[in-house]
Amino acid sequence: MAHDEAGSAAANRTVRLVTLGCARNEVDSEELAARLEAGGWRLLDEAEADQPEADVTMVNTCGFIKAAKQESIDELLDAAAGGGKVVAAGCLAERYGAELADALPEAQVVGFDDYTDIAARLDAVAAGQRWAAHQPRDRRKLLPLAPSARPRASGPSARSADIPDLPAGVAPPSGPSVPLVLRRRLGDGVTAPLKIASGCDRRCTFCAIPSFRGAFVSRPADDLLAEARWLAGQGVRELLLVSENSTSYGKDLGDLRLLEELLPKLAATDGIAAVRVSYLQPAELRPGLIDVLAGTPGVAPYFDLSFQHASGSVLRAMRRFGDEERFCDLLGRIRQACPQAGVRSNFIVGFPGESEEDLDTLMRFLGEARLDAIGVFGYSDEDGTEAASLAGGIEPGEIARRVEEVTALADELMAQRSDERIGEISDVLLERRLAGGRFEGRAAHQAPEVDGTTMVLGADGGRPGDMVRARFTAADGADLVADALAAAPAVPR
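Residues numbered from 1 in each chain as written. Predicted model: local features only at pLDDT ≥ 70, side-chain atom pairs only at ≥ 80, totals over all residues. Heavy atoms only, no water.

A. Main features of unusual backbone geometry. In this structure, Arg-319 takes a positive phi of about 60° despite not being glycine. Look at Arg-319 and you get partly exposed, because its relative accessible area is 44%. For Arg-370, which is not a glycine, the phi torsion comes out positive at approximately 55°. Turning to its location among the elements, Arg-370 is positioned in the loop between helix H13 (356-369) and strand E13 (373-378). (Buried < 20%, exposed > 50% of the residue type's maximum accessible area, 1.4 Å probe, protein only. Helix = DSSP H or I, 4+ residues; strand = E, 2+ residues; numbered from the N terminus.)

Shown next, in the form of structure tokens:
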């Protein structure tokens, strides 16, 4: 359907957009929101979201692990219980397609290929039409095996740049030949994710994401810089670079060191006070990238490392790099480059074949690693993954026991690491004003949503979005308290 026809057909129709899952999904939702508004749909704001008058509720689902899938299904059922029309989008919808539609007849299912015409799809839903959901396919096979042979725009974000008369607040195309993603911010916080790539070429035995997100495709640097400038104009002060594997950025564009070149340019964007990178693969963390992350003004010295375990035998079964000794060496090199660097990681407990000795190795590594943030997840079989067929499966009750044991240790170690930071001085981004002249913010070693926060005292005259220098004075678990030393606007340029 042409965009002007879509806009006319959908005039005054409303949509409630629910986002589940990771920061990558948040970006997808903001892209969907922009397309819907360009097609004439009105998004209900947060104050309106619980009202029953939405013509359609669209749930951007997560399909990563069992708990996330169940949350997505519950959200779809809750939306349908109100009697309104419901659309399932996102990873769960892409991963299961027609199977999900058969299991949940209350909802219509759209796949990633429907995103470019999402306004027309919702027009059809509002008109009472139904269509056959897609049959899932391995999206890795849609692109050439060689990264250098892949097109520059692919997957959920791909689009043509021919949409006219965009509503105010929607990121505009940068030109007819540059496929910059349309985007409408759905929040007003001072931090926003910036998606630098989609897909993944790794073949971890426990992970199904590559099969439904597809092969790895980087976004061109010019697109990212243009979107960063737009985000800064929307009040964003910190960019969180997201992808399935940020260390691979640029390999399909012919330059594996492109991220090292991109980071200083993003940090120099007018209005941007900090740039943070998420999801770094230890096997791909180059010395040059360590130096840029640890020593570039405006780039947070923050390392979100996907270790997953510390036992060499378990990691090999996961088809991943490393072991306890190699990971400790990597952490040593990071802290040599920047002693105050923040480090976080996630770990899977109860992987098939994990012995008590393997578990002891993991817990010993955690004690040595001095990580600021630790996520602990119990293993669960995922459809279509190699790990689901591995021998040596562990009973769910035993996995739960191990998760509880490792989580208790992780909580203790994170609290110890926070205590170690007392007396340090760090940049802190003020995010929210509290009573009594206090602010809630995040220090350089704290990423949004997943890590702790810092309460700042004495930032008189400050405002959300300001970056202040502060000295840590107390800790409570992963959270810290700091006294402001000096305040400066987050737009110093």
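B. Main features of the pattern of salt bridges. Counted under the stated rule, the structure contains 39 salt bridges. Between Glu-382 and Lys-69 there is a salt bridge; the shortest N-O distance is 3.1 Å. Placement of Glu-382 in the loop between E13 and helix H14 (396-421) and of Lys-69 in helix H3 (residues 66-81) is noted, with a sequence separation of 313 residues between them. Here the two residues Glu-382 and Lys-69 agree in accessibility, since each one is buried. Among the salt bridges present, the one from Asp-329 reaches Arg-333, with a minimum N-O distance of 3.2 Å. Placement of the pair is Asp-329 and Arg-333 together in helix H12 (residues 324-337), with a separation of four residues, close to one helical turn. Under the relative-accessibility criterion, Arg-333 is labelled partly exposed at 35%. Salt bridges here are not isolated pairs; linked through shared partners, they connect Arg-24, Asp-28, Glu-31, Lys-195, Arg-213 and Glu-244. (Salt bridge = Lys/Arg side-chain N within 4 Å of Asp/Glu carboxyl O.)

C. How the structure looks around the pairing of strand E12 (residues 342-349). Summarising burial for E12: seven of the eight residues are buried, a large majority. Where strand E11 (residues 302-304) lies against E12, three bridges are found, and the strand directions are parallel. Residue pairing for E12: Tyr-302 is matched across the bridge by Gly-342. When E12 meets E13, the two strands line up parallel, connected through six bridges. Directly across from Asn-346, in E13, lies its bridge partner Gly-375. Traced from E12 through H13 to E13, the parallel crossover comes out right-handed. (Pairing = 2+ DSSP bridges. Right-handed = clockwise from strand over helix to strand, strands pointing away.)

D. Geometry of H12. The terminal C-alpha atoms of H12 lie 20 Å apart, and with 14 residues this matches the ideal 20 Å at 1.5 Å per residue to within 8%. Of the positions making up H12, those classed as buried are Glu-324, Phe-327, Leu-330, Leu-331, Ile-334 and Arg-335. End-on, the buried residues of H12 take up no more than an arc of 130°, which puts them together on one face. In H12, the exposed positions that point more than 90 degrees away from the buried face belong to Glu-325 and Gln-336. (Expected span 1.5 Å × (residues − 1). Arc of directions from axis to C-beta.)

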